[in-house]
Amino acid sequence: MYEENKEPKRIVVKVGTTTLIYPNGNINLASIDELALVLTDLQNRGKEVILVSSGAIGVGLNQLQLNQRPISIPEQQAVAAVGQAELMDIYNQRFQIYSQQTAQVLLTRDIVEYPESRNNVINTLEELLNMGIIPIINENDTVAVDELDHLTKFGDNDQLSAIVSELTRAELLIMLSDIDGFYTDNPLKNSQAQLYQRITEIDDKLMEQAGASNNHLGTGGMASKLKAAKRVLDAQGSMILANGKQPKIIFDILNGAEVGTLFKGELT
(Lines give C-alpha, C1' and ligand atoms only; values in the text may rest on other atoms or scores of the structure.)
Protein backbone atom coordinates (compact mmCIF):
# COMPACT_ATOMS: atom_id res chain seq x y z
CA MET A 1 0.00 0.00 0.00
CA TYR A 2 2.79 2.43 0.86
CA GLU A 3 3.80 3.51 -2.61
CA GLU A 4 6.75 5.83 -2.95
CA ASN A 5 9.37 6.37 -5.60
CA LYS A 6 11.85 5.30 -2.96
CA GLU A 7 11.59 3.56 0.38
CA PRO A 8 11.38 5.86 3.40
CA LYS A 9 14.75 6.51 5.00
CA ARG A 10 13.51 8.08 8.24
CA ILE A 11 10.55 6.48 10.03
CA VAL A 12 8.69 7.40 13.20
CA VAL A 13 6.84 4.52 14.88
CA LYS A 14 4.22 5.29 17.50
CA VAL A 15 2.96 2.54 19.79
CA GLY A 16 -0.05 2.88 22.07
CA THR A 17 -0.58 1.41 25.49
CA THR A 18 -2.69 -1.42 24.05
CA THR A 19 0.38 -2.71 22.20
CA LEU A 20 2.45 -2.74 25.39
CA ILE A 21 -0.07 -3.78 28.05
CA TYR A 22 -2.40 -6.80 28.13
CA PRO A 23 -6.10 -6.15 28.89
CA ASN A 24 -5.50 -7.59 32.38
CA GLY A 25 -2.95 -4.84 33.08
CA ASN A 26 0.18 -6.97 32.79
CA ILE A 27 3.10 -5.97 30.58
CA ASN A 28 3.16 -7.57 27.12
CA LEU A 29 6.82 -8.56 27.04
CA ALA A 30 6.38 -10.58 23.84
CA SER A 31 5.09 -7.54 21.97
CA ILE A 32 7.87 -5.30 23.30
CA ASP A 33 10.48 -7.88 22.33
CA GLU A 34 9.03 -8.16 18.83
CA LEU A 35 9.01 -4.38 18.53
CA ALA A 36 12.68 -4.25 19.53
CA LEU A 37 13.53 -6.90 16.95
CA VAL A 38 11.67 -5.13 14.15
CA LEU A 39 13.08 -1.67 14.84
CA THR A 40 16.60 -3.02 15.22
CA ASP A 41 16.27 -4.84 11.91
CA LEU A 42 15.17 -1.58 10.26
CA GLN A 43 18.27 0.08 11.70
CA ASN A 44 20.37 -2.76 10.32
CA ARG A 45 18.86 -2.09 6.89
CA GLY A 46 20.10 1.48 7.08
CA LYS A 47 16.85 3.13 8.18
CA GLU A 48 16.69 5.92 10.74
CA VAL A 49 14.09 5.00 13.35
CA ILE A 50 12.39 7.00 16.09
CA LEU A 51 10.02 5.36 18.56
CA VAL A 52 7.25 7.37 20.23
CA SER A 53 5.97 5.22 23.05
CA SER A 54 2.96 5.49 25.33
CA GLY A 55 2.59 3.19 28.31
CA ALA A 56 4.19 5.00 31.28
CA ILE A 57 1.01 5.09 33.34
CA GLY A 58 -0.02 1.59 32.28
CA VAL A 59 3.35 0.16 33.34
CA GLY A 60 3.25 2.25 36.52
CA LEU A 61 -0.13 0.83 37.46
CA ASN A 62 1.30 -2.65 36.99
CA GLN A 63 4.39 -1.91 39.07
CA LEU A 64 2.36 -0.41 41.91
CA GLN A 65 -0.27 -3.16 41.66
CA LEU A 66 -3.08 -0.66 41.17
CA ASN A 67 -6.29 -1.81 39.52
CA GLN A 68 -7.38 1.56 38.19
CA ARG A 69 -5.92 4.87 37.06
CA PRO A 70 -5.80 7.48 39.85
CA ILE A 71 -8.08 10.49 39.54
CA SER A 72 -5.86 13.30 40.81
CA ILE A 73 -3.13 14.78 38.60
CA PRO A 74 -0.35 14.42 41.24
CA GLU A 75 -1.20 10.73 41.66
CA GLN A 76 -1.23 10.18 37.90
CA GLN A 77 2.12 11.92 37.55
CA ALA A 78 3.61 9.85 40.38
CA VAL A 79 2.41 6.64 38.69
CA ALA A 80 3.86 7.89 35.39
CA ALA A 81 7.22 8.55 37.05
CA VAL A 82 7.39 4.97 38.31
CA GLY A 83 6.14 3.57 35.02
CA GLN A 84 8.46 5.56 32.75
CA ALA A 85 11.54 4.31 34.59
CA GLU A 86 10.37 0.70 34.38
CA LEU A 87 9.27 1.02 30.76
CA MET A 88 12.69 2.32 29.70
CA ASP A 89 14.36 -0.46 31.69
CA ILE A 90 12.31 -3.02 29.77
CA TYR A 91 13.06 -1.34 26.43
CA ASN A 92 16.78 -1.23 27.22
CA GLN A 93 16.81 -4.92 28.14
CA ARG A 94 14.98 -5.96 24.98
CA PHE A 95 16.95 -3.77 22.57
CA GLN A 96 20.25 -4.85 24.10
CA ILE A 97 19.41 -8.44 23.16
CA TYR A 98 19.79 -7.26 19.55
CA SER A 99 22.79 -5.01 20.34
CA GLN A 100 20.82 -1.85 19.61
CA GLN A 101 21.46 1.30 21.65
CA THR A 102 18.47 3.41 22.65
CA ALA A 103 18.07 6.81 24.31
CA GLN A 104 15.21 8.30 26.32
CA VAL A 105 13.85 11.69 25.26
CA LEU A 106 11.05 13.23 27.35
CA LEU A 107 9.30 16.29 25.90
CA THR A 108 6.72 18.88 26.89
CA ARG A 109 4.90 21.07 24.42
CA ASP A 110 6.53 24.32 25.52
CA ILE A 111 9.93 22.88 24.62
CA VAL A 112 9.01 22.49 20.95
CA GLU A 113 7.13 25.79 20.74
CA TYR A 114 10.06 28.01 21.75
CA PRO A 115 12.59 28.42 18.89
CA GLU A 116 15.79 27.90 20.91
CA SER A 117 14.65 24.81 22.78
CA ARG A 118 12.97 23.51 19.61
CA ASN A 119 16.29 23.71 17.79
CA ASN A 120 17.99 21.95 20.67
CA VAL A 121 15.49 19.09 20.45
CA ILE A 122 15.99 18.81 16.69
CA ASN A 123 19.79 18.86 17.07
CA THR A 124 19.69 16.19 19.78
CA LEU A 125 17.48 13.88 17.74
CA GLU A 126 19.61 14.40 14.63
CA GLU A 127 22.77 13.55 16.56
CA LEU A 128 21.22 10.42 18.06
CA LEU A 129 20.16 9.27 14.59
CA ASN A 130 23.61 10.02 13.20
CA MET A 131 25.06 7.82 15.95
CA GLY A 132 22.78 4.93 15.00
CA ILE A 133 20.79 5.25 18.24
CA ILE A 134 17.02 4.81 18.41
CA PRO A 135 15.43 7.69 20.36
CA ILE A 136 12.49 6.55 22.49
CA ILE A 137 10.25 9.56 23.00
CA ASN A 138 7.39 10.10 25.42
CA GLU A 139 5.63 13.10 26.85
CA ASN A 140 7.07 14.08 30.21
CA ASP A 141 3.91 13.13 32.09
CA THR A 142 5.50 13.77 35.47
CA VAL A 143 5.66 17.54 34.96
CA ALA A 144 3.32 18.35 32.04
CA VAL A 145 0.30 20.50 32.87
CA ASP A 146 -2.48 22.11 30.89
CA GLU A 147 -3.55 25.30 32.61
CA LEU A 148 -4.70 28.61 31.15
CA ASP A 149 -1.53 30.42 30.05
CA HIS A 150 0.85 27.56 30.86
CA LEU A 151 0.29 24.83 28.29
CA THR A 152 2.90 22.09 28.35
CA LYS A 153 0.86 19.03 27.34
CA PHE A 154 0.74 17.72 23.78
CA GLY A 155 -2.69 16.27 24.50
CA ASP A 156 -1.67 12.71 23.73
CA ASN A 157 1.09 10.77 22.03
CA ASP A 158 -0.77 10.71 18.71
CA GLN A 159 -0.17 14.45 18.48
CA LEU A 160 3.35 14.06 19.83
CA SER A 161 4.25 11.51 17.15
CA ALA A 162 3.00 13.83 14.41
CA ILE A 163 5.01 16.73 15.86
CA VAL A 164 8.13 14.55 16.09
CA SER A 165 7.62 13.51 12.46
CA GLU A 166 7.41 17.16 11.49
CA LEU A 167 10.45 18.18 13.55
CA THR A 168 12.62 15.43 12.11
CA ARG A 169 11.19 15.60 8.58
CA ALA A 170 10.42 11.89 8.66
CA GLU A 171 9.07 10.44 5.42
CA LEU A 172 6.67 8.09 7.19
CA LEU A 173 4.81 7.87 10.50
CA ILE A 174 3.58 4.39 11.38
CA MET A 175 0.94 4.60 14.10
CA LEU A 176 0.22 1.25 15.74
CA SER A 177 -3.08 1.06 17.59
CA ASP A 178 -5.67 -1.54 18.63
CA ILE A 179 -7.66 -1.30 15.39
CA ASP A 180 -6.87 -2.31 11.81
CA GLY A 181 -7.22 1.24 10.45
CA PHE A 182 -9.82 3.97 10.01
CA TYR A 183 -13.36 2.77 9.33
CA THR A 184 -16.54 4.46 8.17
CA ASP A 185 -18.07 3.46 11.53
CA ASN A 186 -17.27 1.43 14.62
CA PRO A 187 -16.60 -2.06 13.17
CA LEU A 188 -17.36 -3.69 16.53
CA LYS A 189 -20.89 -2.32 16.42
CA ASN A 190 -21.54 -2.10 12.69
CA SER A 191 -20.65 -5.12 10.56
CA GLN A 192 -21.12 -2.95 7.44
CA ALA A 193 -18.34 -0.57 8.42
CA GLN A 194 -15.73 -0.25 5.68
CA LEU A 195 -11.99 0.22 6.09
CA TYR A 196 -10.51 3.22 4.31
CA GLN A 197 -7.41 2.09 2.44
CA ARG A 198 -6.26 5.61 1.58
CA ILE A 199 -7.24 9.07 2.77
CA THR A 200 -5.85 12.15 1.05
CA GLU A 201 -7.63 14.87 3.03
CA ILE A 202 -9.15 15.21 6.50
CA ASP A 203 -12.60 16.83 6.27
CA ASP A 204 -15.59 17.35 8.58
CA LYS A 205 -17.25 14.13 7.44
CA LEU A 206 -14.23 12.06 8.47
CA MET A 207 -14.04 13.81 11.83
CA GLU A 208 -17.71 12.96 12.44
CA GLN A 209 -17.00 9.33 11.61
CA ALA A 210 -14.05 9.41 13.99
CA GLY A 211 -16.36 10.49 16.79
CA ALA A 212 -18.67 7.57 16.05
CA SER A 213 -15.80 5.09 16.20
CA ASN A 214 -14.08 6.53 19.26
CA ASN A 215 -15.30 4.21 22.00
CA HIS A 216 -13.32 1.10 21.12
CA LEU A 217 -9.95 2.79 20.76
CA GLY A 218 -7.13 3.54 23.14
CA THR A 219 -6.43 6.68 25.12
CA GLY A 220 -6.05 9.04 22.20
CA GLY A 221 -9.15 7.91 20.34
CA MET A 222 -9.73 8.02 16.60
CA ALA A 223 -10.41 11.75 16.49
CA SER A 224 -6.93 12.33 17.89
CA LYS A 225 -5.43 10.05 15.26
CA LEU A 226 -7.14 12.01 12.49
CA LYS A 227 -5.84 15.28 13.93
CA ALA A 228 -2.36 13.78 13.92
CA ALA A 229 -2.87 12.61 10.33
CA LYS A 230 -3.94 16.12 9.33
CA ARG A 231 -0.75 17.53 10.78
CA VAL A 232 1.28 14.97 8.84
CA LEU A 233 -0.59 15.71 5.60
CA ASP A 234 -0.13 19.46 6.07
CA ALA A 235 3.62 18.83 6.36
CA GLN A 236 3.54 16.83 3.08
CA GLY A 237 4.29 13.62 4.95
CA SER A 238 2.70 10.18 5.06
CA MET A 239 1.13 8.21 7.88
CA ILE A 240 -0.20 4.68 8.17
CA LEU A 241 -2.60 3.63 10.91
CA ALA A 242 -2.49 -0.12 11.53
CA ASN A 243 -3.06 -2.76 14.19
CA GLY A 244 -0.08 -3.07 16.52
CA LYS A 245 -1.02 -6.41 18.06
CA GLN A 246 1.93 -7.89 16.18
CA PRO A 247 4.64 -5.26 15.57
CA LYS A 248 6.03 -7.31 12.67
CA ILE A 249 3.21 -5.72 10.68
CA ILE A 250 5.75 -2.92 10.15
CA PHE A 251 7.59 -5.25 7.77
CA ASP A 252 4.36 -5.81 5.83
CA ILE A 253 3.78 -2.05 5.61
CA LEU A 254 7.24 -1.36 4.22
CA ASN A 255 6.89 -4.27 1.80
CA GLY A 256 3.81 -2.60 0.32
CA ALA A 257 1.14 -4.93 1.73
CA GLU A 258 -2.42 -3.61 1.83
CA VAL A 259 -2.76 -3.26 5.58
CA GLY A 260 -4.12 -0.39 7.63
CA THR A 261 -5.10 3.05 6.33
CA LEU A 262 -2.63 5.21 4.42
CA PHE A 263 -2.88 8.98 4.92
CA LYS A 264 -1.10 10.63 2.02
CA GLY A 265 -1.82 13.55 -0.30
CA GLU A 266 -2.92 13.18 -3.88
CA LEU A 267 -0.39 11.76 -6.32
CA THR A 268 1.26 14.42 -8.46
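Residues numbered from 1 in each chain as written. Predicted model: local features only at pLDDT ≥ 70, side-chain atom pairs only at ≥ 80, totals over all residues. Heavy atoms only, no water.

Let's talk about the overall build of the chain
Moving on, step 1. Scanning the chain from N- to C-terminus turns up ten helices and ten strands.
Moving on, step 2. In the structure as shown, the chain presents an accessible area of about 13,100 Å², 46% of it carried by carbon and sulfur atoms. (Helix = DSSP H or I, 4+ residues; strand = E, 2+ residues; numbered from the N terminus. Areas by Shrake-Rupley, 256 points an atom, 1.4 Å probe, with all protein chains shown as cover.)

Some words on the side chain of Ser 53
Moving on, step 1. For Ser 53, the position within the fold is in strand S2 (residues 48–53).
Moving on, step 2. One polar contact links Ser 53 to Tyr 91, side chain to side chain, over a distance of 2.8 Å.
Moving on, step 3. Residues within four places of Ser 53 in sequence aside, it is in contact with Val 15, Leu 20, Leu 87, Tyr 91, Ile 136, Ile 137, Asn 138 and Asn 157. (Polar contact = N/O pair within 3.5 Å; in protein donor to acceptor, adjacent residues only side chain to side chain. Contact = heavy atoms within 4.5 Å.)

Considerations on the packing of aromatic side chains
Moving on, step 1. Going through the model one piece at a time under the given rule, you end up with two aromatic pairs.
Moving on, step 2. With a centroid separation of 6.2 Å and an interplanar angle of 45°, the aromatic rings of Tyr 91 and Phe 95 are classed as tilted. Of this pair, Tyr 91 and Phe 95 both sit in helix H4 (residues 73–97), four residues apart, roughly one helical turn. Of the two residues, Tyr 91 and Phe 95, both sit in the buried class.
Moving on, step 3. Their ring planes at 10° and their centres at 5.3 Å tell us that Phe 182 and Tyr 196 sit as a pair that is stacked. Note that Phe 182 is positioned in the loop between strand S7 (172–177) and strand S8 (198–199) and Tyr 196 in the loop between S7 and S8, a separation of 14 residues in sequence. (Phe/Tyr/Trp six-rings, centres within 6.5 Å; stacked < 30°, edge-to-face > 60°. Buried < 20%, exposed > 50% of the residue type's maximum accessible area, 1.4 Å probe, protein only.)

Quick look at the UniProt feature "binding site: ATP" (unreviewed entry) in the chain
Moving on, step 1. According to UniProt, the feature "binding site: ATP" (unreviewed entry) maps to Lys 14, Ser 177, Asp 178, Thr 219, Gly 220, Gly 221, Met 222, Ala 223, Ser 224 and Lys 225 in the numbering used here.
Moving on, step 2. Here Gly 221 is to be found in helix H9 (residues 221–234).
Moving on, step 3. Among the residues examined, Gly 221 registers a relative accessible area of 2% and is labelled buried. (UniProt positions renumbered as here; feature names shortened; annotations may be inferred.)

Remarks on the side chain of Ser 161
Moving on, step 1. Tracing the chain through its elements places Ser 161 in helix H7 (residues 157–168).
Moving on, step 2. Not counting residues within four places of it along the chain, the set of residues in contact with Ser 161 comprises Val 12, Lys 14, Val 52, Leu 173 and Met 175.

A few points about helix H6 (residues 115–130)
Moving on, step 1. Here H6 is 16 residues long and its end C-alpha atoms lie 22 Å apart, about the 22 Å a rise of 1.5 Å per residue gives.
Moving on, step 2. Those residues of H6 lying buried are Val 121, Leu 125, Leu 128 and Leu 129. When H6 is viewed along its axis, its buried side chains cluster within an angular range of 100° and face the same direction. The outward face of H6, more than 90 degrees from its buried face, is lined by the exposed residues Pro 115, Glu 116 and Asn 130.
Moving on, step 3. Buried positions along H6 lie against strand S1 (10–15), S2, strand S3 (102–107), helix H5 (109–113), strand S4 (134–139) and H7.
Moving on, step 4. Positive backbone phi, at 75°, marks Gly 132, one or two positions downstream of H6. (Expected span 1.5 Å × (residues − 1). Arc of directions from axis to C-beta.)

Description of the nonpolar core
Here is a general trend for soluble globular proteins: nonpolar side chains tend to be buried in one another's company.
Moving on, step 1. Grouped together as the largest cluster of nonpolar side chains are 38 residues, with contacts concentrated most on Ile 137, Phe 182, Ile 202, Met 239 and Phe 263.
Moving on, step 2. Contributions of two or more residues to this core are made by S2, S3, H6, H7, S7, helix H8 (204–212), H9 and strand S9 (238–243).
Moving on, step 3. Among the elements that line this core, the one with the most residues is H9, at six residues.
Moving on, step 4. Excluding residues that lie within four positions of it along the chain, Phe 263 makes contacts with Phe 182, Ile 199, Ile 202, Leu 226, Ala 229, Leu 233, Gly 237, Ser 238, Met 239 and Leu 241. (Core = buried A, V, L, I, M, F, W, Y, C linked by side-chain atoms within 4.5 Å.)

Things to note about the sheet that holds S7
Moving on, step 1. Strand order across the open sheet formed by eight strands is S3-S4-S2-S1-S7-S9-S10-S8, with mixed pairing between neighbours. Each edge of the open sheet carries a strand with a single partner, namely S3 and S8.
Moving on, step 2. Sitting on the sheet, H7 touches S1, S2, S3, S4 and S7, and the angle it makes with S1 is about 170°. (Pairing = 2+ DSSP bridges. Axes fitted to C-alpha atoms, helices over the stretch in contact; angles between N-to-C directions.)

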